[in-house]
Amino acid sequence: MNASRRTFLHSLGVGAASFGTANAAVAKTLPASVPPKAAADDQVLFVGDDIAVVNTQYGRVRGFVLRGISQFLGIPYGANTAGKNRFMPPQKPEPWSDIRPALWWGNSAPQIMEKRYANPYASFVDHWNYDDVSEDCLKLNIWTPALDRQKRPQDRLPQDRLPQDRLPVVVWLHGGGFTNGNGIEQDGYHGENLARKGNLVFCSLNHRLGPLGYTDLKAAGGQDTGRFAASGNVGNLDMVAALEWVKNNIANFGGDPANVTIIGQSGGGAKVTTLLNMPSAKGLFHKAVALSGSSLAGVNKAYAEKLGQQVLTEAGLQPGEIDKLQQIPWRQYIDIANRAVDKLADEAKRMNIQRGGFSPVSDGTYLSDKPFFSDAADFSADIPLLICTTFHEWNPDRTEAELERISLDGVKEKLTPRFGAKTNEIVDAYASTFPKARPVELWALIVSNRKNAVAAADAKASQQKAPVYMAWFGWQPPLFDNRMRAFHCDDICFWFYNTDLMLTHTGGGKRPRALSEKMAGSFINFAKTGNPNGGGLPTWKPYTTQNGETMILDDTCALVNDPDREARKSLA
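Residues numbered from 1 in each chain as written. Predicted model: local features only at pLDDT ≥ 70, side-chain atom pairs only at ≥ 80, totals over all residues. Heavy atoms only, no water.

Draft legend 1. How the structure looks around the overall build of the protein. Of the regular secondary structure elements, the protein holds 19 helices and 15 strands. In the protein, once contacts between residues fewer than 6 apart in sequence are set aside, the share between residues at least 24 apart is 76%. (Helix = DSSP H or I, 4+ residues; strand = E, 2+ residues; numbered from the N terminus. Contact = heavy atoms within 4.5 Å.)

Draft legend 2. Representation of the nonpolar core. Residues Phe-72, Ile-142, Val-171, Leu-275, Phe-285 and Leu-325 are the most contacted members of the largest nonpolar core, which totals 96 residues. For this core, the element with the highest residue contribution is helix 6 (residues 234-249), accounting for nine residues. The next biggest cluster of nonpolar side chains, apart from the first, holds 67 residues, and it includes Val-170, Val-411, Ile-446 and Ala-527. (Core = buried A, V, L, I, M, F, W, Y, C linked by side-chain atoms within 4.5 Å. Buried < 20%, exposed > 50% of the residue type's maximum accessible area, 1.4 Å probe, protein only.)

Draft legend 3. The confidence of the model for the protein, seen in detail. With 89% of its residues at a pLDDT of 70 or more, the protein shows a mean pLDDT of 90. Confidence over residues 149-157 falls short of pLDDT 50; this stretch has 14 contacts with residues more than four positions distant or in other chains. (pLDDT = per-residue confidence, 0-100.)

Draft legend 4. View of the pattern of salt bridges. Scanning all chains against the criterion turns up 29 salt bridges. Among the ionic pairs, Lys-197 bridges to Glu-517, the shortest N-O distance being 2.9 Å. Of the two residues, Lys-197 sits in helix 4 (residues 192-198) while Glu-517 sits in helix 18 (residues 510-529), which places them 320 residues apart along the sequence. Salt bridges sharing partners connect three or more residues here, namely Asp-397, Glu-404, Arg-438, Glu-441 and Arg-485. (Salt bridge = Lys/Arg side-chain N within 4 Å of Asp/Glu carboxyl O.)

Draft legend 5. Spotlight on a nonpolar patch on the surface. A cluster of nonpolar residues, Leu-45, Val-47, Leu-103 and Trp-104, forms a patch on the protein surface that exposes about 400 Å² of accessible area. For Trp-104, the location among the structural elements is in the loop between strand 6 (100-101) and helix 3 (120-126). (Patch = residues over 30% accessible without salt bridge, like charges linked within 9 Å, V, L, I, M, F, W, Y side chains within 5 Å. Areas by Shrake-Rupley, 256 points an atom, 1.4 Å probe, with all protein chains shown as cover.)

Draft legend 6. Quick peek at the sheet that holds strand 8 (residues 167-173). If you walk across this open sheet you meet the 12 strands as 1-4-5-7-9-8-10-11-12-13-14-15, and the pairing is mixed. Looking at the sheet topology across the chains shown, the edges are occupied by strand 1 (45-46) and strand 15 (558-561). Relative to strand 13 (residues 468-473), strand 12 (residues 385-390) runs parallel, the two being bridged by six bridges. Its bridge partner being in strand 13, Thr-389 is matched across the sheet by Trp-472. (Pairing = 2+ DSSP bridges.)

Draft legend 7. Inspection of unusual backbone geometry at higher detail. Non-glycine residue Lys-115 carries a positive phi angle of around 65 degrees. Turning to its location among the elements, Lys-115 is positioned in the loop between strand 6 and helix 3. At His-127, a position not held by glycine, the phi torsion is positive, near 50 degrees. Within the fold, His-127 resides in the loop between helix 3 and strand 7 (139-144).

Draft legend 8. Structural detail: the sheet that holds strand 3 (residues 59-62). Pairing is mixed in the open sheet, where three strands are placed in the order 2-3-6. At either end of the open sheet lies a strand with only one pairing partner, and these are strand 2 (53-56) and strand 6. Bridging between strand 2 and strand 3 involves four bridges; their strand directions are antiparallel. Across the sheet, residue Val-54 finds its bridge partner in strand 3, namely Val-61.

Draft legend 9. Inspection of the pairing of strand 8 at higher detail. The buried fraction of strand 8 is high, at seven of seven residues. Of the pairings in the sheet, the one linking strand 8 to strand 9 (residues 201-205) comprises four bridges and is parallel in character. Paired with Val-169 across the strands is Val-201, a residue of strand 9. Note that the unit made of strand 8, helix 4 and strand 9 has a crossover that is right-handed. (Right-handed = clockwise from strand over helix to strand, strands pointing away.)

Draft legend 10. Spotlight on helix 14 (residues 439-447). For helix 14, a buried count of eight out of nine residues is recorded, marking the element as mostly surrounded by other parts of the structure. The complete set of buried residues in helix 14 reads Val-440, Glu-441, Leu-442, Trp-443, Ala-444, Leu-445, Ile-446 and Val-447. Its buried side turned inward, helix 14 meets helix 12 (408-419), helix 13 (423-433) and strand 13.

Draft legend 11. Just the packing of helix 13 against helix 14, in detail. Across the interface, helix 13 lies against helix 14 with an axial gap of 10 Å and an inter-helix angle of 110 degrees. With respect to helix 14, the axis of helix 13 lies roughly perpendicular. The way helix 13 lies across helix 14 gives a crossing that is right-handed. Residue-level contacts link Ile-426, Val-427, Tyr-430 and Ala-431 of helix 13 to Leu-442, Leu-445 and Ile-446 of helix 14. Among the residues making up the contact of helix 13 with helix 14, the classes are represented as seven nonpolar, no polar and no charged. (Axes fitted to C-alpha atoms, helices over the stretch in contact; angles between N-to-C directions. Parallel < 35°, antiparallel > 145°, perpendicular 65-115°, else oblique. Left-handed = near helix turned anticlockwise from the far one by under 90°. Nonpolar A, V, L, I, M, F, W, Y, C, P; charged D, E, K, R; others polar.)

Draft legend 12. Quick look at the pairing of strand 3. Counted between consecutive antiparallel strands, the loop separating strand 2 from strand 3 contains two residues. Note that strand 3 and strand 6 share two bridges and pair parallel. Residue Arg-62 lies in a different strand from strand 6, and its bridge partner there is Pro-101.

Draft legend 13. The arrangement of the packing of aromatic side chains in detail. The full count for this structure, using the stated rule, is 21 aromatic pairs. Between Trp-104 and Trp-105 the ring centres are 6.4 Å apart and the planes differ by 55 degrees, which places this aromatic pair in the tilted class. By relative accessible area, Trp-104 is classed as exposed at 56%. Residue classification places Trp-105 among the buried residues on the basis of a relative accessible area of 14%. Between Phe-496 and Phe-523, the ring centres sit 6.1 Å apart and the planes meet at 45 degrees, which makes this aromatic pair tilted. Taken together, the residues Phe-496 in the loop between helix 16 (492-495) and helix 17 (503-506) and Phe-523 in helix 18 connect sequence positions 27 residues apart. For Phe-496, a relative accessible area of 0% corresponds to the buried category. Relative accessible area serves as the criterion here: at 0%, Phe-523 is assigned to the buried category. Members of the aromatic cluster, connected to one another through ring pairs, are Trp-104, Trp-105, Trp-143, Trp-172, Tyr-189, Phe-202, Phe-496 and Phe-523. One cation-aromatic arrangement involves Arg-100 over Trp-96; the distance from NZ or CZ to the ring centre is 5.4 Å. (Phe/Tyr/Trp six-rings, centres within 6.5 Å; stacked < 30°, edge-to-face > 60°. Lys NZ or Arg CZ within 6 Å of the ring centre and 35° of its normal.)

Draft legend 14. Spotlight on the side chain of Asp-126. In this structure, Asp-126 sits in helix 3. An unpaired buried charge is present at Asp-126: no salt bridge exists, and Arg-398, the closest side chain of opposite charge, is 5.2 Å distant. Every residue in contact with Asp-126, bar those within four places of it in the chain, is listed here: Glu-185, Gln-186, Met-502 and His-505. (Lys, Arg positive; Asp, Glu negative; His and termini not counted.)

Draft legend 15. Spotlight on helix 18. Its 20 residues place the ends of helix 18 28 Å apart at the C-alpha level, agreeing with the 28 Å of an ideal helix rising 1.5 Å per residue. Helix 18 sits mainly inside the fold: 14 of its 20 residues count as buried. Phi for Gly-530, located one or two positions after helix 18, is positive at around 85 degrees. (Expected span 1.5 Å × (residues − 1).)

Okay, structure coming up:
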């Protein structure tokens, strides 16, 4: 067993390092992720008539400058999706003649907001940020270091930069499955620190979600089937429209439209892999990162069409009456659509569909109906991909201290409803592979297994045209008595250099910041060149199916060969 593997295995049996109270000297030390000016008493926020004014193809926008980074919030990239535009591909926004204030976030896409903050632990940890919710949600946000606030708007022409002077562009796709979330729902999503550290342009966006973004109504349209042919994928077509907006406008903000990286986490990771398999996304991005989420196929077309027909039935309408469906208040429509999912639950099981509901549809037109990455001639073959998951995506005991003492037999009992007769084999395989891990940690490792992520890496690597890089994030915050572990979402703020901003995920301070320096540096290099090396992590070899090269991300980082391969075999 090599040294790096021993270090990795040992780390699984050791709790997160204690985090002592900062002494007075440390308290006075400026965090690396805060710009030097923030330590002084100089002005850090600038907003006014002649500050951060930029042209777009639809009109001028006015943002603001904070700590040297120009920010533009809530810029429309598409028209209101209500009424006649519901279920339709995104339409262009109406041009405007006055300078449009881009000072506040755009509306979140329609989603169920009731009881969103009901769980105080979840609300505290993820520190949810939700703004108004409406169908007028096709908005994006930009952070850029490329504008000079000292120049007058008429003298500030970043669009005239030579291509070699333009900055790499990162586009963030939020999580929440394809059902919930928005571009700024966590503080760790903010792009200011990464834009400064990487000298790049950072964008985030909102798009249609759930049944308003993915109800396939083609078969429910009566004789007017063609009109709603795209309805099962309009949420993803929103993302394509946002990327088209970036291609046409980002040079005005100092960005390079020929060097765009998309990155998403959880459902956002699945958005990344679906965009890699959408013909209309060709040429709109050049690198991709999928964190804690990926997919190798869209929703079954036959199921999606049956679900669309059931939605119409549930609404009390006849085939072809989709115009009436467009007029139902969006909150009422979501309830109707969710009742349709429940009515089709048995049908979904019969069709061997594990997760019914609304997400991109493999219709063969807007989204590939082949297994993703199966065609070496597809545009996605040339795009480098970085995949990362966390050790304990779904840790069971953050708020249940008694589970820390669970036995191995207790873990088997808990997992039997999910894995059935294979439970003993799976638990024993993980216990053998990770002998230092306690039962509760084995439980988290098993339910958070890397099976799907590795399958995505294998599929992408099989195209043999662009590298795949694989990572496994194991850093554990010293919060909730060290029971949080390396949980779902925890790595985002490390990639974006926001560990001192997303305090409820890290605790803040030098320990998480040290890892973030390396992770953000490596991500910045990947966004610039398609290769993460040189950012502070050990030499990172591309992933191969044979060796399973995986970068372990923790206080001590190491590249190891497929550290959980033997355990994963038990999941087959």
